[in-house]
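# Geometric and topological summary
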Amino acid sequence: MIESIQEPIEVLVRFVGGRIEPFRFRWNQSVFRIAKVTGAWEDREGQYRRLHFSVLTDNDDYFELRFHSGDFIWVLSKASLDG
Amino acid sequence: MRYAIHVDMDAYFAAIEQRANPNLRGRPVIVGGAPGTRSAVASASYEARAFGVRAGMPTHEAQRLCPAGIFVTGNSAHYLHTSVRLYRLLERFSPRVEPASVDEAYLEIATTGDVRAIGRRIMACIESELQLTASLGISDSKYLAKVCSAFDKPRGMTVLRRADVPQKLWPRPLDVLFGVGEKTALRLRALGCATVGDVARTPVSVLDRELGVVGVTLHAMACGQDRWRVVTPDEAVDARSIGHEHTLERDVYDRSAIEALLSELSERVARRARRASMAGRRVVLKLRDPRFFTITHGRVLPHALDTAEDVFAVARVLLEESRFWERGVRLVGISLQMLVPSDAARQLRFTFAGRADQKSPVVDRIRAKYGEHAIGLARSLEAGRRLRHAGGPSFRPPEIE
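The notes below deal with the structure included here. (Residues numbered from 1 in each chain as written. Chains lettered and ligands numbered in written order. Predicted model: local features only at pLDDT ≥ 70, side-chain atom pairs only at ≥ 80, totals over all residues. Heavy atoms only, no water.)

### A closer look at the overall build of chain A
Threshold: We count a stretch as a helix when DSSP gives it H or I for four or more residues in a row; a strand needs E for two or more, and each element gets its number in order from the N terminus. When a residue's accessible area, from a 1.4 Å probe over protein chains only, is under 20% of the maximum for its type it is buried; when over 50% it is exposed; and in between it is partly exposed.
Broken down by element type, chain A carries 0 helices and 6 strands. Split into buried and exposed, the 83 residues of chain A put 45% on the buried side.

See the structure below:
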C-alpha cells in the first residue's frame with residue numbers, strides 16, 4: 001500500500017553530471033540508504049520548480065521524495081513499506 | 001515510400017508506476033482515485049486487465065472485479081515528464097513527430113528500406129531508455145496506422161497497407177473504426193453491418209442518409225481512405241491562449257469588486273475554452289492601474305483547466321499574491337494559456353467525477369438556450385452590475401427562445 005506522507009525530511013544528495021542524486025535520507029529518526037533512484041521528474045508550483053524522485057532503499061522499500069526550489073525543503077511525499 | 005507510424009504506449013500510467021516501484025511489477029496495478037471515492041480508473045496494468053478492469057471504469061467496480069488490485073493515485077507530472085522524453089526519443093527517428101496525447105504519437109518516415117526494422121528500433125529504444133513498452137502501427141495512411149497499432153498489444157507491431165485493407169481490416173468488428181461506440185455500432189448493425197467490410201460494401205448514400213456525415217466518414221475509413229496527415233506542433237493551429245479583459249468605467253480600489261469581475265471573466269474564458277474543446281495549464285492575470293502601468297502574473301498548474309470555478313480559484317490567488325489592486329485598477333484580464341485538447345487534460349486529471357466538470361456542460365446548454373447571462377457564479381453578480389453600468393456587453397436580458 002502506497003501512503004501519502006508529506007513530512008519534511010533531511011536528505012543527502014550527490015551532484016553528478018548536472019543531476020541531483022539523493023543517496024540517503026532521515027525520516028522518523030531512522031536513516032534510509034537509497035539503493036536505486038527509479039524515477040526523476042519535475043513540476044512547478046508557481047515560479048518554483050519541484051523535483052521529484054522515486055527511490056528504492058536497501059530493504060526494497062519504496063519512497064517518493066520532493067525538493068522545493070523555493071524554500072529548499074525536502075519532503076517525503078509517499079511511502080510503500082511492504083516491499 | 002512515406003509511412004505513418006503510430007506509437008501507442010502500453011498501459012502507460014500503470015507501467016510508469018511499475019517502473020518507479022519495482023515492487024509493483026507483475027501485480028495488478030490500478031491507477032486512479034482511491035476505492036470508495038467517486039472516481040474512475042485512469043489506467044490498469046495488464047495483470048489487472050486480466051480481471052476485466054478497464055480505463056474509465058468506476059474504481060468501486062474495479063475493486064469488485066479485482067479485490068487484490070493495488071490502487072495507486074496518479075501522478076500527472078511524472079507521466080508528462082516521461083511523455084516529453086518519449087517525444088524527444090521519437091524525434092531522433094524523424095523530424096516529423098506529432099504528439100497525439102500523453103501516451104501516443106505519430107511519426108512520418110520516408111524510407112526505401114525496411115520500415116519494420118525502423119519500427120523494431122523504435123520499440124527497442126523505448127524499452128531500453130524509458131523501460132516502458134509500446135505497440136506500433138505502421139501504414140501508408142495515418143488513420144490505418146492508428147487502427148492497426150491496437151491489433152497486437154502489448155509490445156506488438158502491425159503493418160497495414162491500404163492495399164491490404166480488404167484482407168486485413170474488413171473481417172474486423174465495427175469497433176476498430178475510429179469513433180464507433182455502442183450507439184453507432186447499434187445503428188450500423190441495424191443496417192446489417194457486423195464487420196468493417198460490411199460498412200465498406202454499404203453504399204455511401206445509405207450511410208449518409210442514416211448517419212449523416214459520420215456515416216460518410218466511416219465509409220471512407222472502412223475503405224482505408226483518409227486525409228489525416230502528421231501535423232507537428234509547429235504546424236498546428238496557433239491557439240496559444242484564450243483570454244478576456246475588461247476596462248472599468250472608473251478606477252476600482254475594492255478587492256471584492258475586482259474579484260467579482262474576475263469571476264465573470266473566468267466564466268467567459270472557461271466557456272470559450274470548452275467550446276474549442278481545449279483546456280489550459282497556465283492562468284495569467286492582467287491588471288492595469290490608473291496610470292496605465294500594467295502587470296501580468298501567471299501560474300502553471302499541474303492539470304489543465306476548463307471550468308469557471310477552477311480558473312477563478314487560480315485568478316483569485318494570483319490577485320491576492322500580486323496585491324496590485326491596492327494601487328487601483330482600471331483594467332482586469334484573464335487568459336488561459338498552454339492549451340491542450342480537453343480529452344488529454346481529463347485523461348491526466350484523475351477526478352473524473354469532478355463536480356464542476358459535470359456541471360459545466362449543463363451550464364453551457366442553459367446559456368446556449370437562454371442567453372449568455374442566464375446563469376453564472378453568484379460572485380459575478382456584482383461584476384454584472386458594474387459592467388452594466390459601464391455599458392459593457394455583460395448581463396443582457398436572457399434570450400428566450
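### A closer look at the environment of V300 of chain B
One can find V300 of chain B in strand 11 (residues 294-305). In this structure the C-alpha to C-alpha distance between V300 of chain B and V314 of chain B, which are 14 residues apart in sequence, comes to 9.9 Å.

### Structural notes on the nonpolar core
One recurring pattern in soluble globular proteins is that nonpolar side chains are buried together. All names here are of chain B. Which entries qualify depends on this criterion: Grouping buried Ala, Val, Leu, Ile, Met, Phe, Trp, Tyr and Cys residues that are joined through side-chain atoms within 4.5 Å yields what is termed a nonpolar core. When checking whether two residues touch, look at their non-hydrogen atoms; a contact exists if any pair is within 4.5 Å.
In terms of nonpolar packing, the biggest core is built from 40 residues, with I5, V7, L90, L107, I122 and I126 touching the most fellow members. Here I126 is in contact with V7, M9, L86, L89, Q131, L132 and A134, once residues within four sequence places are set aside. If you look at the next biggest cluster of nonpolar residues, it comprises 30 residues, including V252, I258, A273 and L318.

### Details of the sheet that holds strand 10 (residues 278-288) of chain B
Residues and elements named next belong to chain B. Stated precisely, the cut-off is as follows: In short, DSSP must find at least two bridges between two strands for them to pair. Here an angle of 0 to 180 degrees is reported between the N-to-C directions of two axes, which are lines fitted to C-alpha atoms, with helices fitted over the stretch in contact.
The strand order across the open sheet built from 4 strands is 9-12-10-11, with neighbouring strands paired in antiparallel fashion. Single-partner strands in this sheet number two, and they are strand 9 (241-252) and strand 11. On average, each strand axis in the sheet is inclined to that of its neighbour by 15°, with strand direction left out of account. In this sheet, strand 12 (residues 329-341) lies alongside strand 9 in antiparallel orientation, the contact comprising 8 bridges. Bridged to S241 within strand 12 is Q337. On the sheet, helix 12 (residues 255-275) packs against strand 9, strand 10 and strand 12 and is oriented at approximately 155° with respect to strand 9. Packing against the sheet, helix 13 (residues 308-322) makes contact with strand 10, strand 11 and strand 12, and its axis sits at approximately 140° to strand 11.

### Brief notes about the sheet that holds strand 3 (residues 41-44) of chain B
All names here are of chain B. The strand order across the open sheet built from 3 strands is 3-2-4, with neighbouring strands paired in mixed fashion. At either margin of the open sheet sits one strand with a lone partner, and together these are strand 3 and strand 4 (70-72). The average angle at which neighbouring strand axes cross in this sheet is 30°, direction not considered. In terms of strand pairing, strand 2 (residues 29-32) meets strand 3 through 3 bridges, oriented antiparallel. The partner of V31 across the bridge, within strand 3, is S43. Sitting on the sheet, helix 1 (residues 12-20) is in contact with strand 2, strand 3 and strand 4, with an inclination near 115° to strand 2.

### Overview of the pattern of salt bridges
All names here are of chain B. Applicable threshold: A side-chain nitrogen of Lys or Arg and a carboxyl oxygen of Asp or Glu constitute a salt bridge if their distance falls within 4 Å.
Taken as a whole and assessed by the stated rule, the structure comprises 25 salt bridges over all chains. Between D114 and R120 there is a salt bridge, and its shortest N-O distance comes to 3.8 Å. Take D114: its relative accessible area is 44%, and that puts it in the partly exposed class. What makes R120 partly exposed here is its relative accessible area of 47%. Measuring nitrogen to oxygen at the nearest pair gives 3.0 Å for the salt bridge that ties E127 to R155. Here the residue E127 occupies a position in helix 5 (residues 115-130), and R155 occupies one in the loop between helix 6 (142-148) and strand 8 (157-159), the gap between them amounting to 28 residues. Exposure remark for E127: the relative accessible area of 28% places this residue in the partly exposed category. Judged by its relative accessible area of 51%, R155 is exposed. Each of the salt bridges in this network shares a partner with another, and the network as a whole consists of R255, E259, R316 and E320.

### Remarks on helix 8 (residues 182-190) of chain B
Residue and element names in this part refer to chain B. Cut-off, in case you're wondering: The directions from the helix axis to the C-beta atoms form the arc being described.
Of the residues making up helix 8, those classed as buried are T184, A185 and L188. Mapping the buried residues of helix 8 onto a view down its axis gives an arc of 100°, with all of them on the same face. Every exposed residue of helix 8 that faces more than 90 degrees away from the buried side is listed here: E182, K183, L186 and A190. Summarising the contacts, the buried residues of helix 8 are in contact with helix 9 (196-201), helix 10 (204-211) and helix 11 (213-222). After helix 8 finishes, the residue G192 shows a positive phi value of roughly 90°.

### Details of the interface of chain A and chain B
How we decide: Within 3.5 Å is the distance limit for a polar contact, defined as a pair of N or O atoms, with the added protein rule that one can donate a hydrogen and the other accept it, and that residues adjacent in sequence qualify only through two side-chain atoms. Under the scheme applied here, ten amino acids are nonpolar (Ala, Val, Leu, Ile, Met, Phe, Trp, Tyr, Cys and Pro), four are charged (Asp, Glu, Lys and Arg), and all others, including Gly, are polar.
In this assembly, 16 residues from chain A lie in contact with 15 residues from chain B. Across the contact surface, chain A and chain B share 0 salt bridges. Where chain A touches chain B, the interface holds 3 residue pairs in polar contact (both at pLDDT 80 or more). When contributions to the side of chain A that touches chain B are tallied by element, the ones reaching two or more residues are strand 3 (30-45), strand 4 (48-57), strand 5 (62-68) and strand 6 (73-80) of chain A. No other element matches the 6 residues that strand 3 of chain A contributes to the side of chain A that touches chain B. Grouping the constituent residues of the side of chain A that touches chain B by class yields 5 nonpolar, 5 polar and 6 charged.

### Comments concerning the pairing of strand 6 of chain A
Residues and elements named next belong to chain A. Across the 8 residues that make up strand 6, a large majority, 7, are buried. Direction of pairing for strand 1 (residues 3-16) relative to strand 6: antiparallel, over a ladder of 5 bridges. If you follow S4 over to strand 6, its bridge partner there is K78. Bridging between strand 5 and strand 6 involves 7 bridges; their strand directions are antiparallel. Residue pairing in the sheet places Y62 in a bridge with S80 of strand 6. A loop of 4 residues connects strand 5 with strand 6, the two strands running antiparallel in sequence, and F72 in this loop sits at a positive phi of about 55°.

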